[in-house]
Amino acid sequence: MSRERLYLFDTTLRDGAQTNGVDFTLADKVAVAAMLDKLGIDYVEGGYPGANPADTEFFSKDRDLKTTFTAFGMTRRPGRSTSNDPGLAALLQAKADAICFVAKSWDYHVRVALETTDEENLASIRDSVQAAKAAGREVLLDCEHFFDGYKANPKYALSCAKAAYDAGARWVVLCDTNGGTLPNEVEKIVGEVVKTIPGNHVGIHAHNDTEQAVANSFAAVRAGARQIQGTLNGLGERCGNANLVSIIPTLKLKSEFAEKFEIGVSDAQLKLLAHASHTLDEMLNRAPNRYAPYVGENAFATKAGIHASAIMKDPQTYEHVAPDTVGNKRKVLVSDQAGRANVLAELDRIGLKIAKDDPRVTKLLETVKEREALGYAYEAADASFELLARRMLGSVPHYFDVSYFDVKVEQRGNSAELETLTTAVVKVKIDGETLISAGEGNGPINALDVALRKDLGKYQKFISGLELTDYRVRILNGGTGAVTRVLIESRDETGERWATIGVSPNIIEASFQALMDSIIYKLVRSGAPA
Ligand SMILES: [Zn+2]
């Protein structure tokens, strides 16, 4: 059976760059484009040449990508000719395979925002598409506010799309710019559009303002659209764009789509997805969303004892797809609700060989339960669990002792100019030798971390690539008094991430435990000698 080709268009570097707090450097852009290219995305929109220096430079040379590298920009301004419009000239000069124009398709916007006539807007679409075609580019037209425009004036919205198609645009992309359209409306309206423009020339660009951008994209495909625009991790203005990281596996792994459509992403490329998603987060210095479908750390995590034992017998019992198809991992959480099955499954995953009926398994399970009653949460701290298990099995070397630490927070100056200084001093004993380090930080935990990691003698080289990426504090009411739980997430030079935990009535003590676990875990993983 021959399947229809469905195209993927990524706009992480253009629409995704509109995300609050996201600012791609040129080097970031080059890296993201290469990553998308490797994933097998058909179109990569690199940005808006002429709008800012980084984008202009990004399009100043051939980027040598397999994907259709696309430049974004406006159609010619009303009242100008295409040969006399600097914005359009910059776009035509950009080293890109395709040009994606954005144009108004809602008559209200044409009048109020563009301050021109309906007819002049249509002429601008036609002229711009023709100019780009004449320059040898593949052309796309993003119809801004298409769905709202269609609801207000279907005839005019459609005539904008038709003008682009008739002028030679390869794709007419229907944009839900405000993101408020619902899937049933998208399906109905796209169904109307494909009566005029063939569906294999129609694309969907959905925003996530009702958390249905992914569903809206699929609704459009059901109605006949054959290009989906979206971003990695759903990056984008306000609530984001359609998340390609959720869309791609659904198209590949769910029979409704997989039987009908073929996409440019192969099974082998699909396995790169989780890594691509996390790499983007790292680049943006964000902690990956643990709950992200398909690629999140919790996407294939199981907690309750009976589920875990069923999963060990046959993973399909509680998994909608196999985790390795998207490059993710199964995880069985160790928690006080768990039975031996969870503990055994987790020990197996870590690579600790132990007989099922070994009494140490019972002892470990009891210890986990006791500690969880105190406030520890091992399901969120896999590295601390691993250390606990390895210690009970006697496989964690004694690396060093911290014999003393002191943290001081001082405020100096007067009310007009107050300065807060934090310093920490740590004494570490390694092979009978005492090393003393001091550190300054923007807070007590930071200062303690700086001091502790400043000089670990012969172990220093093993922890030089260690970095703390997330620090979370939660106050628990343990009955007799408040208890603080600290979770620290770390990563190293290889990109491996791990989480550690500390619990104490004192926040510094809790943080210190989590920091120590992180360092010792790294030493164990690096095979540091005792
Ligand atoms: Zn958009």
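Residues numbered from 1 in each chain as written. Predicted model: local features only at pLDDT ≥ 70, side-chain atom pairs only at ≥ 80, totals over all residues. Heavy atoms only, no water.

### Points about empty space enclosed by the protein
Rules: In this analysis, the protein atoms alone were mapped onto a 1 Å grid. Cavities are point sets where a 1.4 Å probe fits without being able to get out; pockets are open sets with protein on both sides within 12 Å along at least five of seven lines; lining residues have an atom within 4 Å of a point. Grid points are joined across faces, edges and corners, and a volume is the space filled by probe spheres set on the points. Under the scheme used here, helices are H or I runs from DSSP no shorter than 4 residues and strands are E runs no shorter than 2 residues, and both carry numbers assigned from the N terminus.
For the structure shown, the criterion picks out 2 cavities of 30 Å³ or more. Computed from the structure, the second largest cavity encloses a volume of approximately 40 Å³. Lining the second largest cavity are Leu347, Ile354, Arg360, Val361, Leu364, Ala389, Met392 and Leu393. For the lining of the second largest cavity, the elements supplying multiple residues, two or more each, are α16 (359–374) and α17 (382–392). At 3 residues, α16 tops the list of elements feeding residues into the lining of the second largest cavity.

### Side note on the nonpolar core
In plain terms, the rule: Definition of nonpolar core: a set of buried residues of the types Ala, Val, Leu, Ile, Met, Phe, Trp, Tyr and Cys, connected through side-chain atoms within 4.5 Å. Note on classification: 1.4 Å probe, protein chains only; a residue is buried when its accessible area is under 20% of the maximum for its type, exposed when over 50%, partly exposed between these limits. In this analysis, two residues are considered to be in contact whenever any of their non-hydrogen atoms come within 4.5 Å of each other.
Counting residues in each nonpolar core, the largest one holds 85 residues, and the members touching the most others are Leu8, Phe146, Ile228, Ile248 and Leu251. Element by element, the count of residues in this core is highest for helix α7 (residues 154–166), at 7 residues. The contact partners of Phe146, leaving out residues within four places of it in the chain, are Ser105, Ala157, Leu158, Ala161, Leu174, Cys175, Ile189 and Val193.

### Focus: the packing of aromatic side chains
The criterion, for reference: The criterion for an aromatic pair is that two Phe, Tyr or Trp rings (for Trp, the six-membered ring) have centres within 6.5 Å, with stacked assigned to planes under 30 degrees apart, edge-to-face to planes over 60 apart and tilted to the rest.
Within the structure shown, the criterion is met by 15 aromatic pairs. Ring centres of Tyr48 and Phe72 lie 5.5 Å apart, and the angle between their planes is 85 degrees; on these two criteria the pair is classed as edge-to-face. Separated by 24 residues along the polypeptide, Tyr48 in the loop between β3 (43–47) and α2 (53–58) and Phe72 in strand β4 (residues 68–74) bring together distant segments of the chain. Their ring planes at 20 degrees and their centres at 4.7 Å tell us that Phe59 and Phe69 sit as a pair that is stacked. Here Phe59 is found in the loop between α2 and β4, whereas its partner Phe69 is found in strand β4, with 10 residues between them in sequence.

### Topic: the pattern of salt bridges
For side chains bearing opposite charge, pairing can occur when the charged atoms are close. Under the convention used in this document: For this analysis, a salt bridge means a side-chain nitrogen from Lys or Arg found within 4 Å of a carboxyl oxygen belonging to Asp or Glu.
Per the stated rule, a full pass over the model turns up 33 salt bridges. Measuring nitrogen to oxygen at the nearest pair gives 3.4 Å for the salt bridge that ties Arg472 to Asp470. We classify Arg472 as partly exposed; its relative accessible area is 31%. It is possible to trace a salt-bridge network through shared partners that takes in Arg14, Asp15, Glu45 and Asp142.

### Remarks on the environment of Asn442
The topology assignment puts Asn442 in the loop between β15 (433–441) and α18 (444–454). Spatially, the C-alpha atom of Asn442 lies 7.5 Å from that of Leu421, the residues being 21 residues apart in sequence.

### Examining unusual backbone geometry
Unusually for a residue other than glycine, Asp64 sits at a positive phi of about 55 degrees. What makes Asp64 exposed here is its relative accessible area of 70%. For His145, which is not a glycine, the phi torsion comes out positive at approximately 50 degrees. Turning to its location among the elements, His145 is positioned in the loop between β6 (138–144) and α6 (146–152).

### Points about the sheet that holds strand β5 (residues 98–104)
Keep this limit in mind: Strands pair, by our definition, only if DSSP identifies at least two bridges between them. Angles here are taken between N-to-C directions and fall from 0 to 180 degrees, while the axes themselves are lines fitted to C-alpha atoms, restricted in helices to the stretch in contact.
Here 8 strands make up a closed barrel; going around it, the order is β2-β3-β4-β5-β6-β7-β8-β9 and the pairing parallel. On average, adjacent strands in this sheet sit at an angle of 25 degrees to one another, irrespective of strand direction. Pairing geometry for strand β8 (residues 202–206) and strand β9 (residues 227–230), over 3 bridges, is parallel. Paired with His205 across the two strands is Gln229, which belongs to β9. Contacts from helix α5 (residues 118–134) reach β5 and β6, with the element oriented near 175 degrees to β5.

### A look at the packing of helix α1 (residues 26–39) against helix α13 (residues 273–283)
So the rule is basically this: For classification purposes, an angle smaller than 35 degrees is called roughly parallel, one larger than 145 roughly antiparallel, one from 65 to 115 roughly perpendicular, and anything else oblique. Here the nonpolar group is Ala, Val, Leu, Ile, Met, Phe, Trp, Tyr, Cys and Pro; Asp, Glu, Lys and Arg are the charged ones; every other residue, Gly included, is treated as polar.
Orientation of α1 relative to α13, taken along the N-to-C sense of each, is 170 degrees, at an axis distance of 11 Å. Considering their axes alone, α1 and α13 lie roughly antiparallel with respect to each other. For the pair α1 and α13, the contacting residues are Asp28, Ala31, Val32, Met35 and Leu39 in the first and Leu273, Ala276, Thr279, Leu280 and Met283 in the second. Grouping the constituent residues of the contact of α1 with α13 by class yields 8 nonpolar, 1 polar and 1 charged.

### As for α18
Buried within α18 we find Ile445, Ala447, Leu448, Asp449, Ala451, Leu452 and Arg453. Among the structural elements, β13 (401–414), β14 (417–430), β15, α19 (460–463), β16 (467–477) and α20 (507–525) are those in contact with the buried residues of α18.

### Here's the deal with the sheet that holds β14
Pairing is antiparallel across the open sheet formed by 3 strands, whose spatial order is β13-β14-β15. Strands with a single pairing partner mark the edges of an open sheet, and in this sheet they are β13 and β15. Direction aside, neighbouring strands of the sheet carry axes that sit 15 degrees apart on average. Across 9 bridges, the pairing between β14 and β15 is antiparallel. If you follow Val428 over to β15, its bridge partner there is Leu435. Strands in contact with α18 are β13, β14 and β15; relative to β15, the strand with the most contacts, it is inclined by about 145 degrees.

### What about the pairing of β13?
Relative to β14, β13 is paired through 13 bridges, and the arrangement is antiparallel. Bridge assignment links Arg412 to a residue of β14, and that residue is Glu419. What sits between the antiparallel neighbours β13 and β14 is a turn of 2 residues.

### Digging into the coordination of the zinc ion
Put simply, the rule reads: Each metal site lists N, O and S donors within 2.8 Å (3.2 Å for Na, K and Ca). With water left out of the atoms, a site can look as if it is missing ligands.
The protein atoms that coordinate the zinc ion are Asp15 (OD), His205 (NE2) and His207 (NE2), at distances of 2.0 to 2.2 Å. Mapping the donors of the zinc ion onto the primary sequence gives the spacing D-x189-H-x1-H. Remark: His205 occurs in strand β8 and Asp15 occurs in the loop between β2 (7–10) and α1; sequence separation between them is 190 residues. His205 gets classed as buried once you look at its relative accessible area, which sits at 4%.

### Considerations on the layout of surface pockets
Taken as a whole, the largest pocket holds about 880 Å³ of empty space. Elements supplying a minimum of two residues to the lining of the largest pocket: α13, α15 (340–350), α17, β18 (497–504) and α20. Element by element, the count of residues in the lining of the largest pocket is highest for α13, at 5 residues. Considered class by class, the residues forming the lining of the largest pocket number 8 nonpolar, 9 polar and 13 charged. In this structure, the second largest pocket occupies an estimated 650 Å³ of space. Considering the residues around the second largest pocket, the lining is formed by 37 residues, among which Arg14, Tyr48, Phe72, Val102 and Glu144 are closest to the centre. Elements represented by at least two residues in the lining of the second largest pocket include exactly α2, β4, β5, α5 and β6. Its residues assigned to classes, the lining of the second largest pocket comprises 14 nonpolar, 10 polar and 13 charged.

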